[in-house]
Amino acid sequence: MVGTSRGSTRSRASKSSTENSPIRKPNQMLRRDKTRDRSLIRIFSVNIKFLLGFGIIAFAISLFFINSLIKPMEKPQKPRVITPLPAPKLMDLPMFQGDHRESLYWGTYRPQVYFGVRARTPQSLVAGLMWLGVKNGRYFMRHVCQDSDELKQYGWTSHNGRDYGHQFLIEQTMTLTTHFLKSKDRGSGYGGDWAVRIGVQSDESMSDEEMLNTAHLFFYVADESGKGLTLGSGVSDIHGDSILASGSRSDIGNWQLHLFSEDVSGVHYSGFKTPHIHNLSDVVQANLAVQARKFGHLLLSDLSDDSPNILVFQISARIPLKADIVLLSGTSARDSRVEERASRLKGTSLTSLLSEKQNEFDNKFKKSFSLSDELGLDPVTVGKAALGNMLGGIGYFFGQSKISLPSTSTLNAGDNSVLYWPAELYTAVPSRPFFPRGFLWDEGFHQLLIWRWDIYISLDIIGHWLDLMNIDGWIPRELILGAEALSKVPEEFVLQHPTNGNPPTLFLTLRDLISKLKKEKFAATEARDISVFLDRAFVRLEAWFKWFNTTQAGKERGSYYWHGRDTSTTRELNPKTLSSGLDDYPRASHPNGDERHVDLRCWMHLAADSMHSIAELLKMDKDIQQEYSLTAKLLSDFEVLNQMHLDAANGAYCDYGNHTEKVQLTWKIVETDPKRELLRQVLEKPVLQLVPHLGYVSLFPFILRLIPPDSWILESQLEFISNRSILWTDFGLRSLSKTSSMYMKRNTEHDPPYWRGPIWIPLNYLIVSSLHHYSQEPGPYRERAKTIYNELRSNLIRNIVGNYRRTGYLWEQYDQKKGKGKGARLFTGWTATVLLIMAEAYPEV
């Protein structure tokens with residue numbers, strides 16, 4: 001079952017039916033009497049041939065027309081790449097229906113905006129918050145999370161993923177807070193009710209200037225289906241009637257949106273009829289601009305399109321300001337108890353409910369992660385923010401991915417793409433401002449944290465991802481579903497390539513769950529549901545494994561390489577390997593089918609071992625168990641691993657491929673377009689060899705614990721980790737050794753080094769995990785592993801917590817020289833695994 005190069009899918013052509021017929025020579029043909037008159041015979045022969053030919057053609061035409069009448073024209077066959085895997089969906093399992101489904105119906109599932117609410121349904125009622133920020137004496141609209149807004153800090157400090165969250169948004173001149181709460185009360189419709197409390201405080205050092213002491217908030221509600229909304233009478237008398245808007249939907253019944261505030265004297269509004277919700281902030285700004293030009297004030301027009309599907313309400317008041325906004329569902333029911341339910345979700349009652357939920361969060365956090373008192377208070381604060389932002393950043397998306405077609409395809413003339421089937425995705429996201437969408441390889445790290453908090457949310461997310469698998473067993477590596485998600489993605493990254501994979505990190509989580517099941521760490525109901533989930537998931541996991549095992553296989557048995565590298569690039573110093581997740585980490589200089597990637601081989605071992613463990617847990621057929629057991633054993637064979645990837649001279653594991661170190665970027669004049677460009681120059685012919693770059697990839701056999709605890713190679717690995725000239729820094733392990741020729745080198749004129757030196761937390765987490773493992777294993781290097789483990793763990797925690805204290809954010813990566821946060825900020829995807837490092841909660845691999 002271990003991967004080998006995929007052979008041709010065509011079988012060898014069968015032999016022609018005339019292949020064994022005797023070949024006649026002209027001399028062997030008997031001649032007839034030349035004197036015989038055969039003119040009549042020739043004429044008769046011609047007529048017979050003509051009549052036969054005519055008859056055959058007429059018969060064929062008749063058959064064609066008869067067939068056309070009887071059989072309708074067949075539709076063009078759907079490409080395999082957009083054909084779903086014909087297997088029962090995980091999201092159809094009973095555990096994801098009923099109370100579970102309803103309990104997760106509403107949520108802060110719009111991670112791309114500073115605050116937004118929607119339901120887990122394709123055409124949802126959505127709501128959100130905008131406000132006017134002040135900078136250098138000018139107003140700027142805030143709505144979509146983006147670094148250019150230059151907020152000092154924002155993010156969820158607490159969020160339980162279900163019905164409660166608390167967020168700070170610190171502006172240049174004021175601080176906003178949002179509290180979110182859901183309530184399922186008697187009389188409410190499907191999914192229950194929800195409330196958001198918005199608070200605004202000013203910086204005490206601010207002057208009495210009107211601009212700095214007045215808050216302009218814009219709360220909106222929109223129906224994605226385009227259904228019209230009704231304006232409430234509360235817009236003209238907010239203290240006489242609290243209803244801002246109302247409407248009706250098939251999912252939640254009649255609904256009402258209420259505003260309660262003692263600080264607000266009036267509300268202005270605008271209504272819009274448009275299907276484009278993703279650019280709503282532009283629409284609102286245009287409305288305000290017209291009003292400013294006409295009347296000299298920043299107030300919405302108090303006008304509406306006919307039957308608007310979007311209503312925006314402007315709440316302007318002096319700071320400090322507090323407002324409670326409540327959505328009630330099922331308001332037309334006989335026992336809807338509208339006033340009682342609304343009263344419960346405002347004022348002192350809401351304050352009490354929010355306090356209860358915060359206490360529940362704090363207590364559950366303490367129980368789930370058991371952080372040592374030795375860490376102090378700051379790490380606990382950062383840990384809660386890491387978890388809160390992870391859960392508060394979970395999103396719901398619906399749409400169709402854009403998939404590339406093979407160059408030989410004739411399906412879409414003039415277009416090299418096709419749309420995936422319409423699909424939904426419930427997922428955590430890496431970063432709200434930069435990457436507010438699903439990434440397959442990030443998600444495995446996300447779930448290592450989420451399952452420890454809420455196993456059912458975790459299984460729900462994993463199930464959504466696996467249900468996106470096509471008939472070949474492929475899952476898109478990046479999911480860009482819907483207009484809001486698409487608006488944040490550069491065009492060149494939209495297209496997904498079905499030949500390319502992504503690390504199957506979901507197996508990290510699944511393997512961990514299996515281990516905890518065997519150790520009876522779950523309640524009986526949870527254990528049963530996890531087993532049911534794994535049983536339903538097995539056919540999809542098997543298809544996924546087989547896709548990797550065939551499409552990513554190398555030439556040698558048991559070898560693998562990431563497909564998708566550019567073999568003809570003229571601009572990249574080293575062709576990127578985006579499918580590996582490590583982007584510009586240096587591989588063989590000249591990509592081809594001879595490559596062997598050590599990290600992918602290790603991922604395949606994890607996958608095979610996980611599949612064997614699942615089959616064993618579920619007591620599946622012995623043949624299935626043995627199939628994956630043998631594959632896992634071969635991929636963990638230490639001798640074979642060393643033969644393929646070990647540089648015996650220094651005990652390092654390396655990729656293998658067609659490589660030369662003599663490659664550089666050189667400025668050249670391009671003749672076709674006279675300008676200077678930084679182009680790749682190869683100064684030496686590449687040869688097949690081990691690729692001499694030490695870094696994260698070199699440690700994958702260590703990460704997956706394939707090295708025996710008494711092997712001298714383990715000692716070498718520990719040396720690489722702890723050597724300051726190679727990977728060690730006081731802030732964590734750098735991604736590439738200082739000794740590498742690619743260390744901190746640009747890959748193109750416009751691509752600075754990414755995985756060529758900076759410190760990345762998810763790989764540090766895996767390395768710390770394995771150090772912890774080897775520090776528990778009997779052997780000559782146990783104490784050395786323990787020492788390195790303690791120091792590395794301490795360095796990582798100290799640096800991440802220090803950066804958070806200084807900047808208010810968790811970062812995408814950290815500088816290897818000074819430890820400063822780099823790249824995307826509010827990167828509370830896999831950087832949140834720092835909480836697991838604090839808790840010493842490591843995956844079983």
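Below is a summary of the structure that appears in this document. This one's a predicted model, so the numbers in the text were calculated from it and none came from an experiment.

**With respect to the packing of helix 8 (residues 440–453) against helix 11 (residues 506–518)**
Running from amino to carboxyl end, helix 8 crosses helix 11 at an angle of 30°, the nearest separation of the two axes being 7 Å. By the angle between their directions, the pair helix 8 and helix 11 is classed as roughly parallel. Only Leu506, Leu508, Thr509, Asp512, Leu513 and Lys516 of helix 11 make contact with helix 8, whose side of the interface consists of Leu440, Glu443, Gly444, Phe445, Gln447, Leu448, Trp451 and Arg452. Tallied by class, the residues present in the contact of helix 8 with helix 11 amount to seven nonpolar, three polar and four charged.

**Section: the packing of aromatic side chains**
What describes a pair of aromatic rings is the distance from one ring centre to the other and the angle between the planes of the rings. Within the structure shown, the criterion is met by 40 aromatic pairs. Between the aromatic rings of Phe180 and Trp194, the centroid separation amounts to 6.4 Å while the plane-to-plane angle is 45°, which identifies the pairing as tilted. Within this pair, whereas Phe180 is found in strand 7 (residues 174–183), its partner Trp194 is found in strand 8 (residues 193–202), the two being separated by 14 residues in sequence. A relative accessible area of 1% means that Phe180 is categorised as buried. Of the residues examined, Trp194 reaches a relative accessible area of 1% and is grouped as buried. Seen from their ring centres, Trp441 and Phe445 are 5.7 Å apart, and the 80° between their planes marks the pair as edge-to-face. Here the residue Trp441 and the residue Phe445 both occupy positions in helix 8, the gap between them amounting to four residues, near one helical turn. Residue classification places Phe445 among the buried positions, given a relative accessible area of 0%. Within the aromatic cluster, the residues linked to one another by ring pairs are Phe434, Phe435, Phe439, Trp441, Phe445, Tyr696, Tyr754, Trp755, Trp760, Phe827 and Trp830. One residue, Arg120, lies across the ring of Tyr426, its end atom 4.4 Å from the ring centre.

**Section: the side chain of Gln625**
Along the polypeptide, Gln625 turns up in helix 14 (residues 622–635). Among the residues examined, Gln625 registers a relative accessible area of 10% and is labelled buried. Among the polar contacts made by the side chain of Gln625, one reaches the main-chain carbonyl oxygen of Met620 at a distance of 2.9 Å.

**Points about the sheet that holds strand 12 (residues 253–260)**
Spatial strand order, 5-6-7-8-16-12-11-10: eight strands in an open sheet with antiparallel pairing. Each edge of the open sheet carries a strand with a single partner, namely strand 5 (153–159) and strand 10 (230–231). As judged from the six bridges shared by strand 5 and strand 6 (residues 164–170), these two strands associate in the antiparallel manner. In the strand pairing of strand 6, Ser158 is matched with His166.

**Details of the pattern of salt bridges**
A complete count under the given rule lists 39 salt bridges for this structure. The shortest N-O distance in the salt bridge between Arg197 and Asp324 comes to 2.7 Å. On the criterion of sequence distance, the pair formed by Arg197 in strand 8 and Asp324 in strand 16 (residues 321–329) is long-range, its members being 127 residues apart. Take Arg197: its relative accessible area is 9%, and that puts it in the buried class. For Arg249, the salt bridge is made with Asp223, and the minimal N-O distance between the two is 3.0 Å. Note that Arg249 is positioned in strand 11 (residues 243–249) and Asp223 in strand 9 (residues 214–223), a separation of 26 residues in sequence. Asp223 carries the same exposure label as Arg249, and that label is buried. Connected via shared salt-bridge partners are Arg142, Asp149 and Glu171.

**Some thoughts on the packing of helix 13 (residues 598–617) against helix 14**
Any two packed helices are characterised by how steeply their axes cross, that is the angle between the axes, and by the distance between the axes. Interhelical geometry of helix 13 versus helix 14 gives an angle of 150° and a closest axis separation of 8 Å. By the criterion of interaxial angle, the relationship of helix 13 to helix 14 is roughly antiparallel. Taken as a pair, helix 13 and helix 14 cross one another with a handedness that is left-handed. Touching Arg601, Met604, His605, Ala608, Asp609, Met611, His612, Ala615 and Glu616 of helix 13 are Ile624, Gln625, Tyr628, Ser629, Thr631, Ala632, Leu634 and Leu635, all from helix 14. Counted by class, the contact of helix 13 with helix 14 contains nine nonpolar, five polar and three charged residues.

**Concerning helix 19 (residues 782–807)**
Taking 1.5 Å per residue, 26 residues should reach 38 Å; helix 19 reaches 37 Å between its end C-alpha atoms and fits that length. At the C-terminal side of helix 19, Gly808 shows a positive phi close to 85°.

**Thoughts on the environment of Leu508**
Here Leu508 lies in helix 11. Considered as a pair, Leu508 and Leu448 are 60 residues apart in the sequence and their alpha carbons are 7.5 Å apart. Each residue touching Leu508, except ones within four places of it in the same chain, is listed here: Phe445, Leu448, Trp603, Leu606, Leu766 and Val845.

**Things to note about empty space enclosed by the protein**
Empty space among the atoms can be located by rolling a probe the size of a water molecule over them. Inspection of the entire model under this criterion finds six cavities of 30 Å³ or more. By volume, the largest cavity is sized at about 80 Å³. Along the walls of the largest cavity sit 13 residues, with Gln153, Tyr154, Gly155, Tyr804 and Gly808 positioned nearest its centre. Among the elements that make up the lining of the largest cavity, the one with the highest residue count is strand 5 (five residues). For the lining of the largest cavity, the residue count by class is seven nonpolar, six polar and no charged. When its volume is computed, the second largest cavity comes out at roughly 40 Å³. Taken together, Gly107, Thr108, Tyr109, His159, Gly161, Arg162, Phe180, Leu391 and Ile394 make up the lining of the second largest cavity. A breakdown of the residues in the lining of the second largest cavity according to their chemical character gives four nonpolar, four polar and one charged.

**Considerations on the layout of surface pockets**
Approximately 1,400 Å³ is the volume found for the largest pocket. As for the largest pocket, its lining consists of 45 residues, and the residues nearest its centre are Phe493, Lys576, Leu578, Asp583 and Tyr754. Mapped by element, the contributors of at least two residues to the lining of the largest pocket are helix 8, strand 29 (811–814) and strand 30 (821–825). Taken together, the residues that form the lining of the largest pocket break down as 17 nonpolar, 14 polar and 14 charged.

How each quantity is defined
- Residues numbered from 1 in each chain as written.
- Predicted model: local features only at pLDDT ≥ 70, side-chain atom pairs only at ≥ 80, totals over all residues.
- Heavy atoms only, no water.
- Axes fitted to C-alpha atoms, helices over the stretch in contact; angles between N-to-C directions.
- Helix = DSSP H or I, 4+ residues; strand = E, 2+ residues; numbered from the N terminus.
- Parallel < 35°, antiparallel > 145°, perpendicular 65-115°, else oblique.
- Contact = heavy atoms within 4.5 Å.
- Nonpolar A, V, L, I, M, F, W, Y, C, P; charged D, E, K, R; others polar.
- Phe/Tyr/Trp six-rings, centres within 6.5 Å; stacked < 30°, edge-to-face > 60°.
- Buried < 20%, exposed > 50% of the residue type's maximum accessible area, 1.4 Å probe, protein only.
- Lys NZ or Arg CZ within 6 Å of the ring centre and 35° of its normal.
- Polar contact = N/O pair within 3.5 Å; in protein donor to acceptor, adjacent residues only side chain to side chain.
- Pairing = 2+ DSSP bridges.
- Salt bridge = Lys/Arg side-chain N within 4 Å of Asp/Glu carboxyl O.
- Left-handed = near helix turned anticlockwise from the far one by under 90°.
- Expected span 1.5 Å × (residues − 1).
- 1 Å grid on protein atoms, 1.4 Å probe; cavity = no way out; pocket = protein on both sides within 12 Å on 5 of 7 lines; lining within 4 Å.
- Points joined across faces, edges and corners; volume = space filled by probe spheres on them.

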